[in-house]
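Spelled out from the first residue to the last, the chains are:
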Amino acid sequence: MDEPQLAAQWARIRGRLQSEVGDVEYRTWLRQMTLAGFDGDEVIVHLPTRFLRDWVRGHYGDRLNALWQQENRSIRRVALRVGGATAVNGLAESLAPDEQRSEPARPRPEGLESPFTFDTFVVGKPNEFAYACARRVAAQPASQGFNPLFLYGGVGLGKTHLMHAIAWELSPTATTTRPNMRPVSVAYMSAEKFMYRFIAAIRSQSTMEFKEQLRSVDVLMIDDLQFLIGKDNTQEEFFHTFNALVDAGKQIVVSADKSPSDLQLLDDRLRTRLGCGMVADLHATTYELRISILESKARLAGVAVPPKVMEFLAHKITANVRELEGALNRLVAHANLFGRPVTLDAAQEVLHDVLRAYDRKVTIEEIQKRVAEHYNIRLTDMSSPRRARAVARPRQIAMYLAKQLTSRSLPEIGRKFGNRDHTTVMHACAKVGELMERDAAFAEDVELLKRMLET
Ligand code: ADP
Ligand code: MG
């Protein structure tokens, strides 16, 4: 892949986006994107502030991925990062004062793109244990009883934030303030990246190098381990690396969406080893924690948000911190854009789509019906034992949507699909996710169904 070719593709993608979203939206959110390069199967796009980056990721991330995949088949996804030109528009600047201040002073540790630090992590009952463990590991890596550190919890509850915070704490800039701490090398990777790198190393016959690289670090962090599941030789490789590192007195930090014992398809030996250090879970947020988080984020953004509005948000937006943060960001952006104060009315108006999603709960039956209609199959095929692709794929999509849109557990979903096993549902979710990544048209289809069900 060469740079001019990428640049031309990028220009086409921008043009398409502009015509899709319209000039105003484009100028407000997208114009400041710059193409920063590529890394393996990822293109890297910079935005000047964390706020803009999050916004673009939340609202246009999927579209950007799809457009890139259409343009260039070797691109699997777009990594949106903070960097590049500084913002000219005052909106973005006023929303990220913290970031702008810290940017020049703090070189980011390799692989880290966010300023997720311990300072910005709000501690409350649901996460205080995980927080304390993370702090401890950052202060004394590889200490007895804390290795490996296994952090788990639902999506958007702060796992990645805590891992990044540990990495920050151990980064060269941070450790200079603690003279008796020797420099520590940290590798942070998502399980997907780990897999990707490992497979790429096999292809280029450089697995030895890859292993040595991994084994030379002091702290290895693997985020979202659930995505490693079921990939036999990468699990095997991770297991060996894991053992080698622990035996050499290095620290491992792993995150996942479930506890080691609930990660179903995990290799038994790996499961045992993962569970033998410290296992800490991040619980769902409480109302009190949501209020504290809103207060903290509003303060960091330097905006006045009335208590009434915070209470409203904390009552309504309960799924996770990511959604809560997203809602606040939207509200603040809206207020800035139109030069109006943040009010309860504005909150209800600006967030009507998010709020409606909370008001309306989709049922598995509705999902089955819609998906069956969409793919022109009989509703009974959702629970029939037929395995022909023409019915099996839509059934998998319906299972995937049931997992995404309802709060039903995997076994509950399985039961509604003709008493299938929860591992079948899990496999369906993984399969659909994988197809969506590979096939932009398929992804669009599923997204469309999802949007129809949500509204
Ligand atoms: P996970 O990795 O568990 O899916 P993240 O760590 O990515 O979740 O968190 C999602 C978003 O919510 C991030 O922007 C993060 O900074 C924020 N967040 C989560 N928990 C907290 C917290 N306790 N205090 C402040 N921000 C939080
Ligand atoms: Mg995460």
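In this text the structure is predicted, and so the values were computed from the model without any measurement.

(A) Inspection of the overall build of the protein chain at higher detail. Assigned secondary structure in the protein chain consists of 22 helices and eight strands. Put simply, the protein chain has 455 residues, and 50% of those count as buried. Across the protein chain, contacts joining residues at least 24 apart in sequence account for 72% of those joining residues at least 6 apart. As displayed, the protein chain has an accessible area near 21,900 Å², and 52% of this comes from carbon and sulfur atoms.

(B) Representation of the site of ligand 1 within the structure. With respect to spatial proximity, 19 residues lie near ligand 1, and among them Gly156, Thr160, His161, Lys297 and Glu325 are the closest. Asn127 is positioned such that a nitrogen or oxygen atom in its side chain is 3.3 Å from a nitrogen atom of ligand 1. Within the side chain of His161, an N or O atom sits 2.7 Å from an oxygen atom of ligand 1. For ligand 1, whose free accessible area comes to 550 Å², the fraction covered by protein is 95%. At the level of secondary structure, the elements contributing two or more residues to the shell around ligand 1 comprise helix 7 (159-170), helix 13 (287-301) and helix 15 (321-338). Of the residues contributing to the shell around ligand 1, the split by class is seven nonpolar, seven polar and five charged.

(C) A look at empty space enclosed by the protein. According to the stated counting rule, one finds two cavities of 30 Å³ or more in the structure shown. Every residue lining the second largest cavity is listed: Asp41, Glu42, Arg76, Arg77, Glu192, Lys193 and Tyr196. Top contributing element to the lining of the second largest cavity by residue count: helix 9 (residues 191-203), with three residues. Looking at the lining of the second largest cavity residue by residue, the classes come out as one nonpolar, no polar and six charged.

(D) Spotlight on the side chain of Gln9. Summarising the element assignment, Gln9 is placed in helix 1 (residues 3-21). Among all residues touching Gln9, those that are not within four sequence positions of it are Trp68, Glu71 and Asn72.

(E) Looking closely at the pattern of salt bridges. Enumeration according to the criterion identifies 28 salt bridges in this entry. Of the charged contacts in the structure, one is a salt bridge between Lys258 and Asp257, with a shortest N-O distance of 3.3 Å. The closest approach of N and O atoms between Glu434 and Arg438, which form a salt bridge, is 3.2 Å. With a gap of four residues between them, Glu434 and Arg438 both fall in helix 21 (residues 422-438), about one helical turn apart.

(F) The arrangement of the sheet that holds strand 3 (residues 77-82) in detail. The strand order across the open sheet formed by three strands is 1-2-3, and the pairing between neighbours is mixed. Each end of this open sheet is capped by a strand with a single partner; those strands are strand 1 (34-39) and strand 3. Pairwise comparison of adjacent strand axes, ignoring direction, gives a mean angle of 30° for this sheet. Pairing geometry for strand 2 (residues 42-47) and strand 3, over six bridges, is parallel. By the bridge assignment, Val43 is partnered in strand 3 with Val78. Along the sheet, helix 3 (residues 50-71) makes contact with strand 1, strand 2 and strand 3, crossing strand 3 at roughly 165°.

(G) Looking closely at the sheet that holds strand 8 (residues 278-282). Reading across the sheet, the five strands line up as 5-6-7-4-8 and stay open at both edges, with parallel pairing between neighbours. The outermost strands of the open sheet, each flanked by one partner alone, are strand 5 (186-190) and strand 8. With direction set aside, neighbouring strand axes in the sheet form an average angle of 15°. In the sheet, strand 5 pairs with strand 6 (residues 219-223) via five bridges, with the strands oriented parallel. If you follow Tyr188 over to strand 6, its bridge partner there is Met221. Of the strands in this sheet, strand 4 (149-153), strand 7 (251-256) and strand 8 are in contact with helix 6 (residues 128-139), which crosses strand 8 at around 135°.

(H) Summary view of the packing of aromatic side chains. According to the stated counting rule, one finds eight aromatic pairs in the structure shown. Aromatic side chains Trp10 and Trp68 sit 6.0 Å apart centroid to centroid with 10° between the ring planes, which places their arrangement in the stacked category. Taken as a pair, Trp10 in helix 1 and Trp68 in helix 3 lie far apart in primary sequence, 58 residues in all. The two residues Trp10 and Trp68 agree in class, both being buried. Relative to Tyr131, the ring of Phe118 lies with its centre 5.7 Å away and its plane at 90°, an arrangement referred to as edge-to-face. With Phe118 in the loop between helix 5 (97-102) and helix 6 and Tyr131 in helix 6, this pair connects stretches of sequence that are 13 residues apart.

(I) Here's a closer look at the packing of helix 3 against helix 22 (residues 440-454). Where helix 3 contacts helix 22, the axes come no closer than 9 Å and their chain directions differ by 155°. Relative to helix 22, the element helix 3 lies roughly antiparallel. When helix 3 is examined against helix 22, the residues Asp62, Arg63, Ala66, Gln69 and Gln70 are found in contact with a partner set consisting of Ala440, Glu444 and Glu447. Looking at the contact of helix 3 with helix 22, its residues break down into two nonpolar, two polar and four charged.

(J) Focus on helix 18 (residues 364-375). In this model helix 18 runs 16 Å from its N-terminal to its C-terminal C-alpha over 12 residues, within 8% of the 16 Å that 1.5 Å per residue would give. Of the residues making up helix 18, those classed as buried are Ile364, Ile367, Gln368, Val371 and Ala372. Mapping the buried residues of helix 18 onto a view down its axis gives an arc of 125°, with all of them on the same face. Where helix 18 is buried, its residues meet helix 19 (389-405), helix 20 (410-416) and helix 22. The positive-phi residue at the C-terminal boundary of helix 18 is Asn376, with phi of around 60°.

(K) Looking closely at the nonpolar core. Counting 30 residues, the largest nonpolar core has Ile367, Val371, Ile397 and Leu401 as its most contacted members. Of all the secondary structure elements, the ones that give two or more residues to this core are helix 18, helix 19, helix 20, helix 21 and helix 22. Here the element with the most residues in this core is helix 19; it accounts for eight residues. In this structure, Leu401 is in contact with Ile367, Val371, Thr406, Val446, Leu449, Lys450 and Leu453, ignoring residues within four places of it in sequence. In terms of nonpolar packing, the next biggest core, distinct from the first, is built from 29 residues, Ala191, Phe194, Met195 and Ala201 among them.

What counts and what doesn't
Residues numbered from 1 in each chain as written. Chains lettered and ligands numbered in written order. Predicted model: local features only at pLDDT ≥ 70, side-chain atom pairs only at ≥ 80, totals over all residues. Heavy atoms only, no water. Helix = DSSP H or I, 4+ residues; strand = E, 2+ residues; numbered from the N terminus. Buried < 20%, exposed > 50% of the residue type's maximum accessible area, 1.4 Å probe, protein only. Contact = heavy atoms within 4.5 Å. Areas by Shrake-Rupley, 256 points an atom, 1.4 Å probe, with all protein chains shown as cover. Near = heavy atom within 4 Å. Polar contact = N/O pair within 3.5 Å; in protein donor to acceptor, adjacent residues only side chain to side chain. Nonpolar A, V, L, I, M, F, W, Y, C, P; charged D, E, K, R; others polar. 1 Å grid on protein atoms, 1.4 Å probe; cavity = no way out; pocket = protein on both sides within 12 Å on 5 of 7 lines; lining within 4 Å. Points joined across faces, edges and corners; volume = space filled by probe spheres on them. Salt bridge = Lys/Arg side-chain N within 4 Å of Asp/Glu carboxyl O. Pairing = 2+ DSSP bridges. Axes fitted to C-alpha atoms, helices over the stretch in contact; angles between N-to-C directions. Phe/Tyr/Trp six-rings, centres within 6.5 Å; stacked < 30°, edge-to-face > 60°. Parallel < 35°, antiparallel > 145°, perpendicular 65-115°, else oblique. Expected span 1.5 Å × (residues − 1). Arc of directions from axis to C-beta. Core = buried A, V, L, I, M, F, W, Y, C linked by side-chain atoms within 4.5 Å.

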